[in-house]
Structure formats: C-alpha cells, structure tokens
Amino acid sequence: QDTLGLVHAFQGNFKAAKACYEKALAIHHQLHNQRGMGYVLTHLGYTLVQLQEWAEAGDVLEQALTIRQKDEKNGLLMDTLAGCALVALAYAKKEEALAYVHKILGWIERHGITGIEFPGQVYLVCWQVLQALGAGQRIAESQADAVLAAGYQCLKERAERVEDAQFRRTLMQNIPFHREI
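To keep things clear, this report deals only with the structure shown in the data block. Note that the coordinates shown come from a computational prediction; the quantities given were computed from them, not determined experimentally. (Residues numbered from 1 in each chain as written. Predicted model: local features only at pLDDT ≥ 70, side-chain atom pairs only at ≥ 80, totals over all residues. Heavy atoms only, no water.)

Things to note about the side chain of Thr-47
Turning to step 1, where the next piece is worked out: In this fold, Thr-47 is placed in helix H3 (residues 34–50).
Turning to step 2, where the next piece is worked out: Exposure remark for Thr-47: the relative accessible area of 2% places this residue in the buried category.
Turning to step 3, where the next piece is worked out: Each residue touching Thr-47, except ones within four places of it in the same chain, is listed here: Ala-9, Phe-14, Ala-17, Lys-18 and Tyr-21. (Helix = DSSP H or I, 4+ residues; strand = E, 2+ residues; numbered from the N terminus. Buried < 20%, exposed > 50% of the residue type's maximum accessible area, 1.4 Å probe, protein only. Contact = heavy atoms within 4.5 Å.)

Structure, rendered in structure tokens:
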C-alpha cells in the first residue's frame, strides 16, 4: 500500500495516495513495525503538505520524527525533517524552518546522502526554504543556489550509474522533485 501511495503521489493523485498510506499505516501499526510506520508517516506527511492539510501534516510528521529520531545516524530522518521544514514554512515559522534546513545540510555534510530515501526531494525542500526566507538577500540566495546545485549534482551522479537509458530518463522525468531540480 505504501508503494502504491508513492505511485499515486508521483502522479499527482494525492487523495488516492493518502488513502493508500492510511491503509499501509494501519497494517504497520498492527504489526508493530516502527520502521515501516516511519516511512508511511513521512510519505503521508508530504502528501498532506501537497493537499495543504497543514495541521494534520504537522501531526503526522511529528509522529514520524518521534520514530526516526531514535537513531541519529538514520538518514531517513532527513526526509522527515525536510517535511517538517515545509510545514514550518507554511506556518511562517521562519526560524524553525531554517533550523530544520541547517540540521539537514549539516548531516549531509558529515554523512553524505547515504540512507536518505529521496535525496532529491530533501535538497529541493532545503532550496525552497532558503529561497523563501532569503528573497532579496544575496547571501541567502547564493546559499540556496549552492544547495540546488548540490541536489542537481547528486541526481546527475545517480542517473549516470543507471545503464538503461530509458530507465534513466524515467528516473529524471517521472519523479516530480527530480524533474523540478
């Protein structure tokens, strides 16, 4: 159900994605699968952001954070923190959004992107927050540009490792945040 939710989300069908994630969440809850719940809650949080259901998105991402913060070396935590940054930005909590971005970028600087589920999405969110908060401020805009360039380089390197040209195009064009970068 979680993977089907991702397919729906990547196609822009967020209501169907939400329904799939809710089913997946119920399954993982029954199985007491905390790791699975961390994935689903994060995916659901991003979907709720797309649906502009900010309060619920914040609650869901907070639950995912609680699960994923148990392991500070967990790259998956960066995916969740990026979702939290979007919610904070939506509520005009600039300092909070920026704190999430700095935590993410610091983690990437120390550990690289290994373990992050969707590094392209994480980079894009960091860029969006920096752009929104740094509009008109040259230093912030150059930091945002550097983050976007790093995200593009990351995607380019990953794509170059894919031998099949058709699959490489699909990877770059059919995943919304890859296309945006």
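Comments concerning the packing of helix H1 (residues 2–10) against H3
Turning to step 1, where the next piece is worked out: Where H1 contacts H3, the axes come no closer than 11 Å and their chain directions differ by 20°. In terms of axis orientation, H1 runs roughly parallel to H3. Here the hand of the crossing between H1 and H3 comes out left-handed. Along its contact with H1, which presents Asp-2, Leu-6 and Ala-9, the element H3 presents Tyr-39, Val-40, His-43 and Thr-47.
Turning to step 2, where the next piece is worked out: Along the lines of polarity and charge, the residues of the contact of H1 with H3 split into four nonpolar, two polar and one charged. (Axes fitted to C-alpha atoms, helices over the stretch in contact; angles between N-to-C directions. Parallel < 35°, antiparallel > 145°, perpendicular 65-115°, else oblique. Left-handed = near helix turned anticlockwise from the far one by under 90°. Nonpolar A, V, L, I, M, F, W, Y, C, P; charged D, E, K, R; others polar.)

Digging into H1
Turning to step 1, where the next piece is worked out: Looking only at H1, the buried set comprises Asp-2, Gly-5, Leu-6, His-8 and Ala-9. Projection of H1 onto a plane perpendicular to its axis shows the buried side chains occupying an angular sector of 165°, all on one side.
Turning to step 2, where the next piece is worked out: Among the structural elements, helix H2 (14–30) and H3 are those in contact with the buried residues of H1.
Turning to step 3, where the next piece is worked out: Of the residues flanking the end of H1, it is Gly-12, one or two places downstream, whose phi is positive at about 85°. (Arc of directions from axis to C-beta.)

Comments concerning the layout of surface pockets
Turning to step 1, where the next piece is worked out: Taken as a whole, the largest pocket encloses approximately 430 Å³ of empty space.
Turning to step 2, where the next piece is worked out: Surrounding the largest pocket, 23 residues form its lining, Tyr-46, Gln-50, Gln-121, Pro-176 and Phe-177 being those nearest its centre.
Turning to step 3, where the next piece is worked out: Breaking the lining of the largest pocket down by element, the ones donating at least two residues are H1, H2, H3, helix H5 (76–90), helix H7 (119–134) and helix H10 (176–180).
Turning to step 4, where the next piece is worked out: Broken down by element, the lining of the largest pocket gets its largest block of residues, six residues, from H3.
Turning to step 5, where the next piece is worked out: Looking at side-chain class alone, the lining of the largest pocket contains 14 nonpolar, six polar and three charged residues. (1 Å grid on protein atoms, 1.4 Å probe; cavity = no way out; pocket = protein on both sides within 12 Å on 5 of 7 lines; lining within 4 Å. Points joined across faces, edges and corners; volume = space filled by probe spheres on them.)

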